[in-house]
Amino acid sequence: AQKYCGHWKTLPAPRETPPSKGGNQFQCVHKPQSTQEYVIQLADGPSATDADRYAAKILAVILGDDSGSRFFWELIDPGHVESASLSHHDGQGAGSFICYMACDPEFAADNLKRLADIYARVEAEGISETELAQAKSKLNSRVVLSGERPRGRLFNIGRNWQDRREYRTIQDDLAAVDKMTTADLAAVLKKYPLSKNTTVAVGPLEAIA
């Protein structure tokens, strides 16, 4: 890198990264050739420079992980949907919670109500200590496994430097996850309510009541 790029001049490259301001919007995109109804929901979340990003990622595991989450037990396991997930993505200046769901068209309205109910309950009641402990274990396992692969470790180092100009060890990330409390997750939910989201449904339905 030094041989080929070392002579490049360093120049300032400022840009504004204002936080996103999401809202309650709904759009149904009619796609008659689809056999399923596909739903995506976008809600504001902590950015890459926000210390709340760890609580947000734990929250996403608790609610929308591919196994053992609330989405799994309330949507996937009973057979209401083919798939449902919630993830947190952190970027420079803005972050987002992204929910994805796919189901038979005739069940789309009921499943959207189920999603809204999950959001309402977690915002009102919070997270249990058992859920928090399980999510921490999952997330820490993924941090360690990712760090064992060169691509995963280098990607993490690059993101930390790009977003925050810092070097973080795997132990730093594990410690940050371990110190999160149910109160931290409740604070994130209050600041970034999942119930305030933009929803887009794509599929054979022309409207969803």
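Attention here is on the structure that accompanies the text. The structure presented is a predicted model; accordingly, all values stated were derived computationally and were not measured.

With that out of the way, let us pick up the overall build of the chain. Secondary structure assignment for the chain yields eight helices and five strands. N-terminal to C-terminal, the α/β element order of the chain is α-β-β-α-α-β-β-α-α-α-α-α-β. Taken along the three principal axes of its C-alpha coordinates, the chain extends 60 × 40 × 30 Å. Out of the 209 residues in the chain, the part that is buried amounts to 37%. Here the analysis covers contacts within the chain between residues at least 6 apart in sequence; of these, 77% occur between residues at least 24 apart. Roughly 12200 Å² of accessible area belongs to the chain as shown, and the carbon and sulfur atoms make up 55% of that amount. Between the mean site of the 25 positive side-chain charges and the mean site of the 27 negative ones, the chain shows a separation of 9 Å.

The subject of this paragraph is the side chain of Gln41. Its place among the elements puts Gln41 in strand S2 (residues 37-45). Owing to a relative accessible area of 6%, Gln41 belongs among the buried residues under this scheme. Within polar-contact distance, the side chain of Gln41 engages the side chain of Tyr119 at 2.8 Å. A polar atom in the side chain of Gln41 sits 3.2 Å from the side chain of Thr199.

In this structure, Lys136 sits in helix H5 (residues 129-147). Setting aside anything within four residues of it in sequence, one finds Lys136 in contact with Ile58, Val177, Asp178, Lys179 and Met180.

The next subject is unusual backbone geometry. Notably, Arg165 is not glycine yet its phi reads approximately 55°, a positive angle. Among the secondary structure elements, Arg165 is positioned in the loop between helix H6 (150-164) and helix H7 (170-178). You can call Arg165 exposed: its relative accessible area is 54%.

Attention now moves to the layout of surface pockets. Computed from the structure, the largest pocket encloses a volume of approximately 700 Å³. Of all elements in the fold, only helix H2 (53-64), strand S3 (83-90), H5, H6 and H7 reach the threshold of two or more residues within the lining of the largest pocket. When residues of the lining of the largest pocket are assigned to their parent elements, the largest contribution, nine residues, is made by H6. Considered class by class, the residues forming the lining of the largest pocket number six nonpolar, seven polar and 11 charged.

Attention shifts here to the sheet that holds S2. Strand order in this open sheet of five strands is S1-S5-S2-S4-S3, and the pairing throughout is mixed. Single-partner strands in this sheet number two, and they are strand S1 (25-30) and S3. Averaged over neighbouring strand pairs, the angle between their axes works out to 15° when direction is ignored. Here S2 pairs with strand S4 (residues 95-103) via nine bridges, running antiparallel. Among the inter-strand pairings, Leu42 is bridged to a residue of S4, identified as Ile98. On top of the sheet, helix H4 (residues 108-125) reaches S1, S2, S4 and strand S5 (198-203); it is set at about 145° to S4, its chief contact.

Once that is clear, we can look at the nonpolar core. Of all hydrophobic cores here, the largest spans 40 residues; its most connected members are Ile58, Phe71 and Phe97. The biggest single contributor to this core is H2, with nine residues. Excluding residues that lie within four positions of it along the chain, Phe71 makes contacts with Leu63, Gly64, Ile76, Ala84, Ser85, Leu86, Cys99, Leu115, Ile118 and Tyr119.

Next up on the list: the environment of Glu16. Tracing the backbone through its elements, the reader meets Glu16 in the loop between helix H1 (2-5) and S1. Residue classification places Glu16 among the exposed residues on the basis of a relative accessible area of 73%. Separated by 138 residues in the primary sequence, Glu16 and Leu154 have C-alpha atoms spaced 27 Å apart.

Another point: H6. Between its first and last C-alpha atoms H6 spans 21 Å; for 15 residues at 1.5 Å apiece the expected length is 21 Å, and the two agree. Looking only at H6, the buried set comprises Gly152, Arg153, Asn160 and Asp163. Projected onto a plane normal to the axis of H6, the buried residues spread over an arc of 120° and lie on a single side. Opposite its buried face, H6 presents the exposed residues Pro150, Arg151, Leu154 and Phe155, each directed more than 90 degrees away. Where H6 is buried, its residues contact H5 and H7.

Procedures and definitions
Residues numbered from 1 in each chain as written. Predicted model: local features only at pLDDT ≥ 70, side-chain atom pairs only at ≥ 80, totals over all residues. Heavy atoms only, no water. Helix = DSSP H or I, 4+ residues; strand = E, 2+ residues; numbered from the N terminus. Buried < 20%, exposed > 50% of the residue type's maximum accessible area, 1.4 Å probe, protein only. Contact = heavy atoms within 4.5 Å. Areas by Shrake-Rupley, 256 points an atom, 1.4 Å probe, with all protein chains shown as cover. Lys, Arg positive; Asp, Glu negative; His and termini not counted. Charge placed at Lys NZ, Arg CZ, Asp CG, Glu CD. Polar contact = N/O pair within 3.5 Å; in protein donor to acceptor, adjacent residues only side chain to side chain. 1 Å grid on protein atoms, 1.4 Å probe; cavity = no way out; pocket = protein on both sides within 12 Å on 5 of 7 lines; lining within 4 Å. Points joined across faces, edges and corners; volume = space filled by probe spheres on them. Nonpolar A, V, L, I, M, F, W, Y, C, P; charged D, E, K, R; others polar. Pairing = 2+ DSSP bridges. Axes fitted to C-alpha atoms, helices over the stretch in contact; angles between N-to-C directions. Core = buried A, V, L, I, M, F, W, Y, C linked by side-chain atoms within 4.5 Å. Expected span 1.5 Å × (residues − 1). Arc of directions from axis to C-beta.

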